[in-house]
Every structure is written in C-alpha cells, then in structure tokens.
Amino acid sequence: MSNQQKQYSGPDRVFSGMQPTGDLHLGNYLGALKKFVDLQHHHECVFCIVDLHAVTVWQDPKILASQTRNIAAAYLAAGVDPAKAIIYPQSAVRGHTELAWYFNCVARIGWLSRMTQFKEKSGKNSEKMSVGLYDYPVLQAADILLFKATHVPVGEDQKQHLELSRDIAQKFNNDFKAPNFFPLPEPLIKGPGARIMSLRDGTKKMSKSEPSDNSRINLTDTADMIAKKIRKAKTDAGAIPDSLEELEGRPEVANLVSIYGAFSGLSDQGVLDKYAGQGFGVFKPALADLAVEILQPITERMNDYLANPDETDKILANGADAANQIAEPILAEVREIMGFWRK
Ligand code: AMP
Ligand code: TRP
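Our subject in this report is the structure included herewith. Just so it is clear, the model here is predicted, and its values are computed rather than measured.

What counts and how
Residues numbered from 1 in each chain as written. Chains lettered and ligands numbered in written order. Predicted model: local features only at pLDDT ≥ 70, side-chain atom pairs only at ≥ 80, totals over all residues. Heavy atoms only, no water. Helix = DSSP H or I, 4+ residues; strand = E, 2+ residues; numbered from the N terminus. Rg over C-alpha atoms; globule rule 2.2 N^0.38 Å. Buried < 20%, exposed > 50% of the residue type's maximum accessible area, 1.4 Å probe, protein only. Contact = heavy atoms within 4.5 Å. Areas by Shrake-Rupley, 256 points an atom, 1.4 Å probe, with all protein chains shown as cover. Salt bridge = Lys/Arg side-chain N within 4 Å of Asp/Glu carboxyl O. Near = heavy atom within 4 Å. Polar contact = N/O pair within 3.5 Å; in protein donor to acceptor, adjacent residues only side chain to side chain. Nonpolar A, V, L, I, M, F, W, Y, C, P; charged D, E, K, R; others polar. Patch = residues over 30% accessible without salt bridge, like charges linked within 9 Å, V, L, I, M, F, W, Y side chains within 5 Å. Lys, Arg positive; Asp, Glu negative; His and termini not counted. Charge placed at Lys NZ, Arg CZ, Asp CG, Glu CD. Core = buried A, V, L, I, M, F, W, Y, C linked by side-chain atoms within 4.5 Å. Expected span 1.5 Å × (residues − 1). Bend = angle between axes of the 7 residues up to and from the residue. Axes fitted to C-alpha atoms, helices over the stretch in contact; angles between N-to-C directions. Parallel < 35°, antiparallel > 145°, perpendicular 65-115°, else oblique. Left-handed = near helix turned anticlockwise from the far one by under 90°.

1. Let's talk about the overall build of the chain
Point 1. Along the backbone of the chain there are 13 helices and 5 strands.
Point 2. For the chain, the C-alpha radius of gyration of 21 Å lies close to 20 Å, the compact-globule estimate for 343 residues.
Point 3. Viewed in the frame of its principal axes, the chain has a C-alpha envelope of about 75 × 45 × 45 Å.
Point 4. For the chain, the residues scored as buried account for 50% of the 343 residues in total.
Point 5. Considering only intrachain contacts with a sequence separation of at least 6, the fraction spanning at least 24 residues in the chain is 77%.
Point 6. For the chain, the exposed surface amounts to about 16200 Å²; the carbon and sulfur share of it is 52%.

Quick look at the structure:
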C-alpha cells in the first residue's frame, strides 16, 4: 500500500462498509467485497454493515435486522474471515453517531452541497429528503475516523465521499491544534472491478436501486439466472475487437470484457487477446461459465449462513465488542481534545 500520510504515525488500518438495503450484486462484489477478502491477509481490517446509513431512506423495521444479517452472510461467504477481520453492524457501536455529531460541527455546508451522490439520489425532490441523507457523508467520515483508518477499499462512486473524509480529518486536526491526530484516509479504488456497469445500459452503473433485475447479477442468483442474464446482456452486432481503442463507443462490450477480466485476473487487453474476432455467441457462454464458477460457491456458502442466523449473530456480537474496544479510546481522546467536561 502506498502511504502519503508521512506524518501520521499510527498503524495502517483498513475500514469499509456496505448498506443493508438489498441483495449485493456483482458491482459490490468486484468493486469492494473481493478487495476486503484480499486485504485481510496482510492488514488489520474492520468491515461494517452500515445500517445507520441505510435508514437515511425509509427501511421497514420488520426486515432491517435480517437485511443486516444478509450482508454479514455475504461478507462471510465471500471469504471475510472473522478470525482475521472485525465484522459488525454500525448501530451496535454508539461511537459512530457521537463522532458524526462532532464532525457535523467541523464540516461546512458548502462542502456537503457539492456531494454529487446526494444530488443523484434526491433528484428534483431534495427538499423532501431526510436531513440524514444530506448528512450521510459526514457519518461516513465518522465511520472511518472512529477507527483512525488509513485505507478504505471502495468502488469508484465513493471517491468524492473519501475526499470529504480527508477534508474533515484535516480541518479537525487544524482547528483543534492536534496535528496528525486523525490520518487522512486513502481510498483503495484501483482494480478491474472499480466501476461495473448495468448489463442493460453500459453508461449506467450496476445498482441495487435499478428497477430491472436483468441489469445486475445478484450474489443470490442461481447458476441459471446468471447464465440467462449474461445471455440477455445488451451487446451489438460486432465481434470482440483486438484493441482497447476499438472498445470506445461500445460501453456494454467494454463492461463485459472488464467483468471477464476481473473474474479471470486478465487485463482487459488480455481478454481481447484471448477472444478477438469471436462473436458473442462464444464470448457470453464463456463469461457465464466463469461467473458461475466463481459466484456459485459464494451463493451456496451464503445460504448456509442464512440458514444459521445464530452463528452469524454471534460473529456480529463479537465483532461489535472488538470494534468498541478500538473506538472507545479514540473517542475519549476526541472528547479530551475538544474540551468536553469530565469528572
Ligand atoms: P452500497 O451498496 O452502495 O453500500 O455499496 C457498497 C460498495 O460497493 C461501495 O464500496 C461501492 O463503491 C461499491 N459499488 C457499488 N456499486 C458498484 C459498481 N457498480 N461497481 C463497482 N463498485 C460498486
Ligand atoms: N457510502 C458507502 C456506499 O454507499 C457505504 C459506507 C458507509 C462506507 N460508510 C463507509 C464505505 C465507510 C467505506 C467507508 O457504498
């Protein structure tokens, strides 16, 4: 890992989170979850299920806890190992909300008003959105800095939120004359899966909120569903080209090539070298086979965890304890730095 924060002397620590707002899809897996699994072998890792972020838009209280278990099951099934990494639900660690409040008083309204994800999510209805949705990136900064995390594996769409986290950390350190108290967290975005696009429209990112289920591959899809969605994926009449330049203007083809690359470990050019000149009648079944080979074992393990909620709950409770143990001393220091009363 590169380390730009030369003056920060704390340990490297990885933090990331996903919202319990529906099934995870291939974009979540390749953009984030796969990186979690790789990082845990060499770094201290904290992986959160961000249920406090989820409730910035309406969530049915009857299913929120089970959605949280679903994401935990996906983490575990993908290979996050609770013996190596901490896995816990955000709402079980009270420090998130406390630090978010302090950061609300550090972040500037102008900074938040530039956040493009709020604009995308609220559209023309911004006046009717919750205050929480607007404030969402401040809570995200609190998530990361509650653990003094230095590295944050995320997809491309989180880049701006990470920049805001750095701005908040920097302003806190400056305002309270606490140089290098918080690290300036670095996003870990690079990699073949940083931006997986919809299977129906190569200009839109693959997303949980897209109405058409054929636009995405879910981690809960059966082998038949995966094959069918890939068969139906939008392409064009051409063949697989032999150079990257020829992918320009063919976003759906470029997306399938990069998905193949992310699964196989080949570069995009490597995929082209292998399939140049072939039609989609050959490429799509090959991609479907590869997708099924990698995703099916994950789906099966996920179903095992879902059938055993007690085991998942135990892992989450232990994770919450471990997370609290890291967070509490950091919060105590923050209170001290800010000058709050104590006995
Ligand atoms: P979310 O489901 O919004 O909580 O996202 C969880 C993680 O998946 C974040 O790190 C996102 O950046 C990442 N992610 C979501 N959609 C995509 C996508 N289409 N391509 C790559 N990464 C994604
Ligand atoms: N905002 C992220 C998303 O929608 C989820 C998230 C919340 C997160 N807190 C975080 C990601 C902290 C990384 C670090 O995908």
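Next comes the rest of the account.
2. Details of the pattern of salt bridges
Point 1. The tally for this structure, following the rule as stated, stands at 14 salt bridges.
Point 2. Here Asp236 ties to Arg250 by a salt bridge, and the two come within 2.8 Å at their closest N and O atoms. A residue pair is termed long-range when its members are at least 10 positions apart, and Asp236 in the loop between α9 (223–232) and α10 (251–264) and Arg250 in the loop between α9 and α10 qualify at 14 residues.
Point 3. Of the residues examined, Asp236 reaches a relative accessible area of 32% and is grouped as partly exposed.
Point 4. Across the pair Glu336 and Arg342 runs a salt bridge whose closest N-O atoms are separated by 3.0 Å.
Point 5. Residue Arg342 is classed as exposed on the basis of its relative accessible area of 60%.
Point 6. Beyond isolated ion pairs, a larger network of salt bridges with shared partners links Asp213, Arg216, Asp221 and Lys229.

3. Remarks on the site of ligand 1
Point 1. In the vicinity of ligand 1 lie 18 residues, with Gly155, Asp157, Ile196, Met206 and Lys208 positioned nearest.
Point 2. The contact in question runs from an oxygen atom of ligand 1 to an N or O atom on the side chain of Asp157, over 2.4 Å.
Point 3. At a separation of 3.0 Å, a nitrogen atom of ligand 1 approaches a polar backbone atom of Met206.
Point 4. Considering ligand 1 on its own, with 490 Å² of exposed area, one finds that the protein chains cover 91% of that surface.
Point 5. Among the elements that take part in the shell around ligand 1, helix α1 (residues 26–39) stands out by supplying 4 residues, more than any other.

4. With respect to unusual backbone geometry
The phi torsion of most residues other than glycine is negative, and most of the peptide bonds are trans.
Point 1. One non-glycine residue, Lys177, lies in positive phi territory at about 45°.
Point 2. Checked against the element boundaries, Lys177 lands in the loop between α8 (159–175) and β5 (186–188).
Point 3. Take Lys177: its relative accessible area is 71%, and that puts it in the exposed class.
Point 4. In this structure, Asn180 is a non-glycine residue whose phi angle is positive, near 60°.
Point 5. Structurally, the position occupied by Asn180 is in the loop between α8 and β5.
Point 6. Classification of Asn180 by relative accessible area gives partly exposed; the value is 34%.

5. A word on the site of ligand 2
Point 1. Of all residues adjacent to ligand 2, which total 13 residues, the nearest are Gln19, Tyr136, Gln140, Asp143 and Gln158.
Point 2. Contact between ligand 2 and Gln140: a nitrogen atom at 2.8 Å from a side-chain N or O atom of the residue.
Point 3. Relative to its free-state accessible area of 370 Å², ligand 2 is covered by the protein chains to the extent of 90%.
Point 4. Only β1 (13–18) and α7 (131–145) provide two or more residues apiece to the shell around ligand 2.
Point 5. Counting residues per element, the shell around ligand 2 draws most heavily on α7, at 4 residues.
Point 6. When the residues that make up the shell around ligand 2 are grouped by side-chain class, the tally is 6 nonpolar, 6 polar and 1 charged.

6. What about a negative patch on the surface?
Point 1. Together, Asp242, Glu245, Glu246, Glu248 and Asp273 line one region of the surface with negative charge.
Point 2. Residue classification places Glu246 among the partly exposed positions, given a relative accessible area of 40%.

7. With respect to the nonpolar core
Point 1. Core analysis: the largest hydrophobic core is formed by 60 residues, its most contacted members being Leu33, Tyr75, Val80, Phe263, Phe283 and Leu295.
Point 2. Counting residues per element, this core draws most heavily on helix α12 (residues 280–307), which supplies 12 residues.
Point 3. Other than its neighbours up to four places away in sequence, Phe283 contacts Ile240, Leu256, Val257, Tyr260, Val271 and Tyr275.
Point 4. With 44 residues, the next largest nonpolar core counts Val138, Val152, Ala194 and Ile330 among its residues.

8. Focus: α7
Point 1. The end-to-end C-alpha distance of α7 is 22 Å, a good match for the 21 Å that 15 residues give at a rise of 1.5 Å each.
Point 2. The largest bend in α7 is about 45°, located at Pro137.
Point 3. Burial analysis of α7 places 12 of its 15 residues in the buried class, the great majority of the element.
Point 4. Those residues of α7 not exposed but buried are Leu133, Asp135, Tyr136, Pro137, Val138, Leu139, Gln140, Ala141, Ala142, Asp143, Ile144 and Leu145.

9. Examining the packing of helix α4 (residues 95–104) against helix α13 (residues 309–338)
Point 1. In contact at an axis separation of 11 Å, α4 and α13 are set at 25° when each is read in the N-to-C sense. Classified by the interaxial angle, the pair formed by α4 and α13 is roughly parallel. Here α4 runs over α13; the crossing is left-handed. Counted together, Gly95, Glu98, Leu99 and Tyr102 of α4 and Leu331, Val334, Arg335 and Met338 of α13 form the full contact between these two elements.
Point 2. In terms of residue class, the contact of α4 with α13 is built from 5 nonpolar, 1 polar and 2 charged.

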